[in-house]
Amino acid sequence: MKRAIYAMRSQYLLPSLDLVEDVFTKWESPKEGKIVRQLVEEIRAKKYYLPELELVMVNENDEVIGYAMFSRFHIEGRFEEELLILTPVAVKAELQRQHISKDMLEYGFEKAKKMGFKAIIVEGDPKNYTPRGFMPSYKFGITGGPNIHLPSPECLMVKELESGALDQISGLIDYSFYETLREG
């Protein structure tokens, strides 16, 4: 199967939202699918949005089969020029475990590094992210704030794009600047 990775293009804006909602509805719940879709729409409308780091993978029929968004992130109002958050990542259900997310993430890591970003934060299942070089963020002094409810501390992870980058980055993670997550 022929595949291609692109930074967001206008023809993929709606299909990528549909994919994200569908994947999170199937794996979590219809409510979660709607929340994640709204989060993508909100990020696209904010200053944190980086269209060159909103990635889609398409198949030979130009259908969106994978999605990953990296956007600027800050910790306690700092590090916005150095730090990204990876959210969400979605792959069409019947195509999972075929290296689609791996290929998109590796592409995104390289592109982010070239753009001068130093590290990436992600919240999720460690088994999905530790193979990509993510480590528990608490090991670097980055922890979830009081409104972050994690199944375990290991679910908040970070990856250095530049060796030693996290020596200068620490603090409490807070998602309150995302209206969607305050409402959800």
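Since we're looking at a predicted model, the values are computed, not measured. (Residues numbered from 1 in each chain as written. Predicted model: local features only at pLDDT ≥ 70, side-chain atom pairs only at ≥ 80, totals over all residues. Heavy atoms only, no water.)

Visitor: What should I look at first to understand the side chain of Thr180 in this one?
Guide: Checked against the element boundaries, Thr180 lands in helix H5 (residues 179–183). The class of Thr180 is buried, set by a relative accessible area of 8%. Separated by 2.6 Å, the side chains of Thr180 and Glu42 make a polar contact. What Thr180 contacts, discounting residues up to four positions off in sequence, is Ile35, Gln38, Leu39 and Glu42. (Helix = DSSP H or I, 4+ residues; strand = E, 2+ residues; numbered from the N terminus. Buried < 20%, exposed > 50% of the residue type's maximum accessible area, 1.4 Å probe, protein only. Polar contact = N/O pair within 3.5 Å; in protein donor to acceptor, adjacent residues only side chain to side chain. Contact = heavy atoms within 4.5 Å.)

Visitor: Even after reading the chapter, I still don't get the pattern of salt bridges, so can you show me in this structure?
Guide: Side-chain pairs of opposite charge can arise where the charged atoms are in close proximity. Taken as a whole, this structure holds 13 salt bridges when the rule is applied. Where Lys127 meets Asp125, a salt bridge forms, and the shortest distance between an N and an O atom there is 3.0 Å. Looking at Lys127, the relative accessible area reads 57%, which means it is exposed. Where salt bridges share partners, they join Asp18, Glu21, Lys34 and Arg37 into one cluster. (Salt bridge = Lys/Arg side-chain N within 4 Å of Asp/Glu carboxyl O.)

Visitor: Just checking my understanding: could you explain the environment of Lys111 for this structure?
Guide: With respect to the helices and strands, the residue Lys111 is situated in helix H3 (residues 100–114). Judged by relative accessible area, which is 23%, Lys111 ranks as partly exposed. With 58 residues separating them in the primary sequence, Lys111 and Leu53 have C-alpha atoms 7.5 Å apart. Apart from the residues within four sequence positions on either side, Lys111 is in contact with Ala7, Glu52 and Leu53. A distance of 3.4 Å separates a polar side-chain atom of Lys111 from the backbone oxygen of Glu52.

Visitor: How should I be thinking about the pairing of strand E3 (residues 64–72) in this particular structure?
Guide: Side-chain direction in a regular strand flips from residue to residue, so the side chains alternate between the two faces of the sheet. In terms of residue burial, E3 counts as a mostly covered element, since nine of its nine residues are buried. Pairing between strand E2 (residues 54–59) and E3: five bridges, direction antiparallel. From the neighbouring strand, Leu55 faces E3, where its bridge partner is Ala68. Sheet topology note: the E3/strand E4 (residues 83–91) ladder contains six bridges and is antiparallel. From the neighbouring strand, Tyr67 faces E4, where its bridge partner is Ala90. (Pairing = 2+ DSSP bridges.)

Visitor: What's the story with the packing of aromatic side chains in this structure? I'm lost.
Guide: The geometry of an aromatic ring pair comes down to the distance between the two centres and the angle between the two planes. A full pass over the atoms with the stated rule returns nine aromatic pairs. Relative to Tyr12, the ring of Tyr6 has its centre 6.0 Å away and its plane inclined at 15°; by these criteria the two rings are stacked. Judged by relative accessible area, which is 24%, Tyr6 ranks as partly exposed. Taking relative accessible area as the criterion, Tyr12 reaches 2% and is therefore assigned buried. In this structure, Arg9 packs its charged tip against the face of Tyr6, placed 3.6 Å from the ring centre. Note that Lys159 overlies the ring of Phe109, its terminal NZ or CZ placed 4.6 Å from the centroid. (Phe/Tyr/Trp six-rings, centres within 6.5 Å; stacked < 30°, edge-to-face > 60°. Lys NZ or Arg CZ within 6 Å of the ring centre and 35° of its normal.)

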